[in-house]
Amino acid sequence: MPQPNAKTDQEAAAPAAVATKPGAIELTINGELFLHTGAPDMPLLWYLRDVLRLTGSKYGCGVGQCGACTVHVEGKAQRSCLLPVSALAGQSITTIEGIGAADDLHAVQQAWMEEDVPQCGYCQAGQIMAAVDLLKRKAQPSDADIAQLTNICRCGTYPRIRKAVRRAAQLLATSTNPAGAKS
Amino acid sequence: MSGINRRQFISVMLSAGGALIVGMRAAGAAFKPTVPIDMLGEPLTSLGAFVRIERNNRIVIGARGCEIGQGVMTSLPMLIAEELDADWARVRVEQLPYGYEIGPDGPTNRYGAQGAGGSTSIPDGWKDLRQVGAVARWLLLEAAAQHWQLPQDRLKTESSHVLHPDGTRMPYAELVERAAAILPPAEAVALKTPEQYRVIGKPARTVDALAIVTGKAAFGIDSYMGGALTAVMLRCPYLDGSVDSIDDSDTRKIAGVRDVFALPGPVLGSSLDTNLAAGVVVLADNTWAALKGRAALKVSWKQGPWAEESSAKLEAQATEALKGAGIAVRVEGDLDKARKAAKRTLEAKYQVPFLAHATMEPPHALIKIEPDRALFIGALQSPSGASRVIADLTGLAREKIEIRMTRAGGGFGRRLKNDYVAEAVMIAKKAGAPVKLMWSRDDDLRHDFYRPFGVHQLTATLDKKNQLTGFGHLCAATPVNYRNAGMKDEAAGIGCLEPDDFPAGLLPNLDKRFFALESGMPRGWWRAPLHTFHAFAVQSFIDEIAVETKQDAVALRLALLGEARELDYKGHGGPKFDTGRLAAVLTRCAEAIDWKRKRSDGRGVGIACHFTFGGYAAHAFEVSVDGRDLRIHRAICVIDVGRVVNPLGVDAMMMGGTIDGISTALNLAITVKEGQVVQGSFGDYAVGRMAQMPHEVEVIQIASEKEPAGAGEMGIPSVAPALANAIYAATTVRVRRLPILPELNRLL
Ligand code: FES
Ligand code: FES
């Protein structure tokens, strides 16, 4: 059921418009409720980008091969270019914009900065979302665990990603600040 | 920006020749703001085109380059901050737009060189941007001198403050208004000496990393514009083919699709400064509707003049071509005579495929064209080229075209071409609305300007002491100057065979010749262009010579390089090539990998070195091959790029260059079949992933006082030969054809 305080596509794009529509798809993104009233088969990636203007999730291939579009659905890493919004009704999604804030970074974002990982930076939102997911599953990942990160980085930042994942694991292990436990 | 522009009442600029240009705007003394400065917006004041100082003494520095991941948004402002004596920790960097304008002496760029190509940003910035910072500092010093009634030379600067002899510290912010009213000095200001550096040579992290890790950094495809339609295009899969017929009935039924029309390709055989391929445009309200609309199109194509082209035929063409005389690129002595006199002659053929750039962010463009002006937003490597393309296609004067470069999701040379800009302009004109053009990954892989395909035939003649007496390098390749304007003026072999590359000038008989192959495949510049395949052929061959003559492969190279001296080098990166600097990186690399130690357990070590665009690099790898599984146990990159501006940035470029080199050498090739590019996704163009990569790249930077070279490209050419040499050491299988893995599997 559409909630009274949820935002429709039109409202999200241009606040202060439009009442709710029947057949709208309801989904929670970074803790906020949205109603999608457009094409139900629209992949989440394009909904995030073109409708909500949450542009942190990137297009790299559109067919699930590169990971640039990685988000969390119900806390698990998923490639949003392959997920039609209709399949996500009622689910909770976290994007790079929802994982931590500039003044309250997630440990993985913090580690990414400390290791100076980004080159062009385009793949890095997806890399971070994949790493957050990995660290939830494996608090102290082995080399082989890290090698399971299959996101492509065309700039070749993999060695620094490795270091940053280890640093993030340490930060999370020693953190008294619960920021790292978010998402 | 307009509020800020109004306050740029002085402009401090250096001409290309190094002269200081002063007073392009009304001088400060004559400046009478009609509105008090505080009311013009944020409390800040500008000092020349690159520097603003906010009331809280935070210094804002403009970054003029195209940031494609090579770090110029960090390293170029560092040059200004150094001479300005700014507190780097509190500097904020902002991207500058393209600076074309009409000055008193005609067209000029108020920011100087802005393109990204050939690893030139740092060498260019070294020449002018330090002076920008020094002049801004001079103005602040002069303002303080006036304020305190003291001569300038009694004052010092430190961390964004001017220091009075009694120790009083005055923040720059308190001086900037007065400073902006002072005429800049008529002559260049003296620059710091290296022992005074506080920013240059110190590791600096990416200035906008916070925006990147929080998803806030705006790349080109993150730009939107009210009223803009999204365009995607179905391009003709046949090289230089065209649209025969279109059935768009299903496309037009899709909600959100606004229009469908054909876009012609470039005129056959003409120089190419428009779009690259004919096709059908789908205009829609959003990307998804446009992509769905495209998928629903039914188009039949005319195949065009290259319908028969294939990779196999190109190979045959190369074999045939190499029987001819070719075009002499550099010939010295007499290789034929050397061959007759030789105790031994060795020959080998190496083959390199076409490569796509596969920038992580595919080409795209956002453009709005109005009767009297245009606005472009997107990722570029050549904003001047984009400006020319837009002017050509719209008839607008270039100063009426605003170009905002965004952070680019990679470049690698792809964005030196502005075909996608042209495409967007053509579509926007036809649509009569602003347009955001999106390319999908398969568009990108199938419609690129590929690194040239080539076959390299190498010959070495040896005397009875196994000394090299002659060297032949025949290169049959698809020339890189593909339909360039003015390509007739370009040297034969440009972008394929460099006359002065190693070992030219180091032995008496040299014969380098080029053979141009005919192909419909578009070609262009790919990161460290010809050096990637040049180094593969030459540095693999040197290793083969060492093996065949039972010499040490490092000692053989060092003997060839001889004593340290400078040789002429006419190509980009010259005018000199220093044999001593190449020998030094090679020697250091050999030490680091413990070259002399014999490996057991199936491991092999390979090494290679190369000179690229003013930088000297060596790579060494330790590998093993287990069944079909290649493992890289150690990766070492030694680099000498002269004085290093940002060591953390150079380390990133060498690490990234090495990984790019490995990924490309192991896996990547673009092939052609029946006049069409075969590869269309990361499935068949398998850019390397974490699991294939060494855990670490050990980067060693040689400390140097020489003028800085760039760093974007030097880290890649010696990778492929070092890897192939290591594989030989581990397996005694010689890989002479890239990419390595399919070839290794064929040979094993
Ligand atoms: S864009 Fe989704 S995996 Fe590449
Ligand atoms: S940082 Fe450029 S693609 Fe990963």
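Computed from a predicted structure; not experimentally measured.

Asks: Could you clarify how one ought to interpret empty space enclosed by the protein in this entry?
Replies: If a probe as big as a water molecule is rolled over the atoms, it shows which places are left empty. With the rule as written, the count across this model stands at five cavities of 30 Å³ or more. Here the largest cavity defines a volume of roughly 100 Å³. As for the largest cavity, its lining consists of 14 residues, of which Arg451, Thr664, Ala665, Ala720 and Leu738 of chain B are closest to the centre. If you list the elements that add at least two residues to the lining of the largest cavity, you get helix H16 (647–667) and helix H17 (719–731) of chain B. Looking at the lining of the largest cavity, the element that brings in the most residues is H16 of chain B, giving three residues. Split into classes, the residues belonging to the lining of the largest cavity amount to 10 nonpolar, three polar and one charged. In this structure, the second largest cavity is lined by Cys153, Arg154, Gly156 and Tyr158 of chain A together with Ile659, Asp660, Ser663, Thr664, Leu668, Val687 and Gly688 of chain B. Top element by residues in the lining of the second largest cavity is H16 of chain B. It accounts for four residues. Taken together, the residues that form the lining of the second largest cavity break down as five nonpolar, four polar and two charged.

Asks: Help me understand the nonpolar core in this model?
Replies: One recurring pattern in soluble globular proteins: nonpolar side chains tend to sit buried together. Core analysis: the largest hydrophobic core is formed by 200 residues, its most contacted members being Tyr47 and Trp112 of chain A together with Phe621 of chain B. Broken down by element, this core gets its largest block of residues, nine residues, from helix H13 (residues 529–548) of chain B. Membership of the second largest hydrophobic core comes to 53 residues, among which are Leu76, Met170, Leu175 and Val189 of chain B.

Asks: I tried to follow the UniProt feature "domain: Aldehyde oxidase/xanthine dehydrogenase a/b hammerhead" (unreviewed entry) in chain B on my own but got confused; where do I start?
Replies: Under the UniProt annotation, "domain: Aldehyde oxidase/xanthine dehydrogenase a/b hammerhead" (unreviewed entry) lies at residues 214–305 of chain B. Here residues 214–305 of chain B is 14% helix and 34% strand, with 49 Å between the C-alpha atoms at its ends.

Asks: Please clarify how the pattern of salt bridges should be interpreted in this entry.
Replies: Applying the stated criterion across every chain, the model contains 65 salt bridges over all chains. In this structure, Asp145 of chain A engages Lys138 of chain A in a salt bridge whose closest nitrogen and oxygen atoms are separated by 3.7 Å. Lys138 of chain A gets classed as partly exposed once you look at its relative accessible area, which sits at 36%. For the salt bridge of Arg169 of chain B with Glu158 of chain B, the shortest nitrogen-to-oxygen distance reads 3.2 Å. Taken together, the positions of Arg169 of chain B in strand E11 (residues 169–171) and Glu158 of chain B in strand E9 (residues 156–158) put the pair 11 residues apart, joining distant regions of the chain. With relative accessibility at 38%, the residue Arg169 of chain B sits in the partly exposed group. For Glu158 of chain B, a relative accessible area of 32% puts it in the partly exposed group. Each of Glu82, Asp85, Arg137, Lys192 and Arg198 of chain B takes part in one network of salt bridges that share partners.

Asks: Would you mind showing me how to read the pairing of strand E6 (residues 91–95) of chain B here?
Replies: Residues and elements named next belong to chain B. When strand E5 (residues 59–63) meets E6, the two strands line up parallel, connected through five bridges. Bridging across to E6, Gly62 finds its partner in Glu94. Where the polypeptide runs from E5 across helix H2 (residues 72–84) and back to E6, its parallel neighbour, the crossover connection is right-handed.

Asks: Hey, could you run me through the pairing of E5 of chain B in this one?
Replies: All names here are of chain B. Among the five residues that make up E5, five are buried, leaving the element largely enclosed by the rest of the structure. On E5, burial covers both faces: Ile59, Ile61 and Ala63 on one face and Val60 and Gly62 on the other are all buried. With three bridges connecting them, strand E4 (residues 51–54) and E5 associate as antiparallel partners. Looking at the pairing, Arg52 lines up with Val60 of E5.

Asks: Would you mind showing me how to read the domain arrangement of chain B here?
Replies: Interface size, as often reported, equals the accessible area lost upon joining of the parts. Residue and element names in this part refer to chain B. Domain annotation for chain B reports domain 1 (6–213), domain 2 (220–304 + 363–438) and domain 3 (311–355 + 449–747). Put simply, the middle of domain 2 and the middle of domain 3, counted by C-alpha atoms, are 36 Å apart. Across the interface of domain 2 and domain 3, roughly 1,500 Å² is buried in total on both sides, 59% from carbon and sulfur atoms. For the pair domain 2 and domain 3, the interface holds one salt bridge.

Asks: Would you explain the interface of chain B and chain A in this entry?
Replies: The interface is formed by 57 residues belonging to chain B together with 49 residues belonging to chain A. Note that Lys58 of chain A and Asp222 of chain B form a salt bridge whose closest N and O atoms lie 2.8 Å from each other. At the boundary of chain B with chain A, the tally comes to 29 residue pairs in polar contact (both at pLDDT 80 or more). When residues of the side of chain B that touches chain A are assigned to their parent elements, the largest contribution, eight residues, is made by H16 of chain B. Across the side of chain B that touches chain A, the residue classes break down as 32 nonpolar, 15 polar and 10 charged.

Asks: Mind showing me how you'd approach the sheet that holds strand E30 (residues 629–640) of chain B here?
Replies: Within a sheet, adjacent strands bond to each other through the backbone by hydrogen bonds, running parallel or antiparallel. Residues and elements named next belong to chain B. The strand order across the open sheet built from four strands is E28-E29-E30-E33, with neighbouring strands paired in mixed fashion. The open sheet has two edge strands, strand E28 (603–612) and strand E33 (698–701), and neither has a second partner. Pairwise comparison of adjacent strand axes, ignoring direction, gives a mean angle of 15° for this sheet. Bridge count for E30 against E33 is four bridges, and the pairing is parallel. When the bridges of E33 are listed, Ile636 appears paired with Glu698. On the sheet, helix H15 (residues 579–593) packs against E28, strand E29 (615–626), E30 and E33 and is oriented at approximately 30° with respect to E29. Each of E28, E29 and E30 is contacted by H17, which is oriented at about 160° to E28, the strand it contacts most.

Asks: Got a minute to help me understand the sheet that holds strand E10 (residues 161–163) of chain B in this structure?
Replies: All names here are of chain B. Across the sheet, three strands lie side by side as E9-E10-E11; this open sheet has antiparallel pairing. Edge positions in the sheet fall to E9 and E11, since each has one partner strand and no second. In this sheet, neighbouring strand axes are inclined to one another by 30° on average, regardless of whether the strands run parallel or antiparallel. Strand direction decides the pairing type here: E9 and E10, joined by three bridges, are antiparallel. Within E10, the residue paired with Lys156 across the bridge is Leu163.

Asks: Explanation requested: the side chain of Glu309 of chain B in the structure shown.
Replies: Residues and elements named next belong to chain B. For Glu309, the location among the structural elements is in the loop between strand E16 (298–302) and helix H8 (311–321). Buried and unpaired, Glu309 has Arg523 as its nearest opposite-charge partner, separated by 6.7 Å. Among the polar contacts made by the side chain of Glu309, one reaches the main-chain amide nitrogen of Gly520 at a distance of 2.7 Å. In contact with Glu309, not counting residues within four places along its chain, are Leu239, Leu314, Ser519, Gly520, Met521, Val672, Lys673, Glu674 and Gly675.

Asks: Mind showing me how you'd approach the domain arrangement of chain A here?
Replies: Residue and element names in this part refer to chain A. Taken domain by domain, chain A comprises domain 1 (7–98) and domain 2 (107–176). Tallying the contact residues gives 17 residues for domain 1 and 13 residues for domain 2. Summed over both sides, the interface of domain 1 with domain 2 buries roughly 1,200 Å², with 56% coming from carbon and sulfur. For the pair domain 1 and domain 2, the number of links is zero salt bridges. On inspection of domain 1 and its partner domain 2, the count reaches eight residue pairs in polar contact (both at pLDDT 80 or more). Elements with a contribution of two residues or more to the side of domain 1 that touches domain 2: strand E4 (70–73) and strand E5 (76–79). Grouping the amino acids of the side of domain 1 that touches domain 2 by side-chain chemistry returns six nonpolar, eight polar and three charged.

Parameters and conventions
Residues numbered from 1 in each chain as written. Chains lettered and ligands numbered in written order. Predicted model: local features only at pLDDT ≥ 70, side-chain atom pairs only at ≥ 80, totals over all residues. Heavy atoms only, no water. 1 Å grid on protein atoms, 1.4 Å probe; cavity = no way out; pocket = protein on both sides within 12 Å on 5 of 7 lines; lining within 4 Å. Points joined across faces, edges and corners; volume = space filled by probe spheres on them. Helix = DSSP H or I, 4+ residues; strand = E, 2+ residues; numbered from the N terminus. Nonpolar A, V, L, I, M, F, W, Y, C, P; charged D, E, K, R; others polar. Core = buried A, V, L, I, M, F, W, Y, C linked by side-chain atoms within 4.5 Å. Buried < 20%, exposed > 50% of the residue type's maximum accessible area, 1.4 Å probe, protein only. UniProt positions renumbered as here; feature names shortened; annotations may be inferred. Salt bridge = Lys/Arg side-chain N within 4 Å of Asp/Glu carboxyl O. Pairing = 2+ DSSP bridges. Right-handed = clockwise from strand over helix to strand, strands pointing away. Domains from an automatic or database assignment. Buried area = accessible area lost by both parts, 1.4 Å probe. Contact = heavy atoms within 4.5 Å. Polar contact = N/O pair within 3.5 Å; in protein donor to acceptor, adjacent residues only side chain to side chain. Axes fitted to C-alpha atoms, helices over the stretch in contact; angles between N-to-C directions. Lys, Arg positive; Asp, Glu negative; His and termini not counted.

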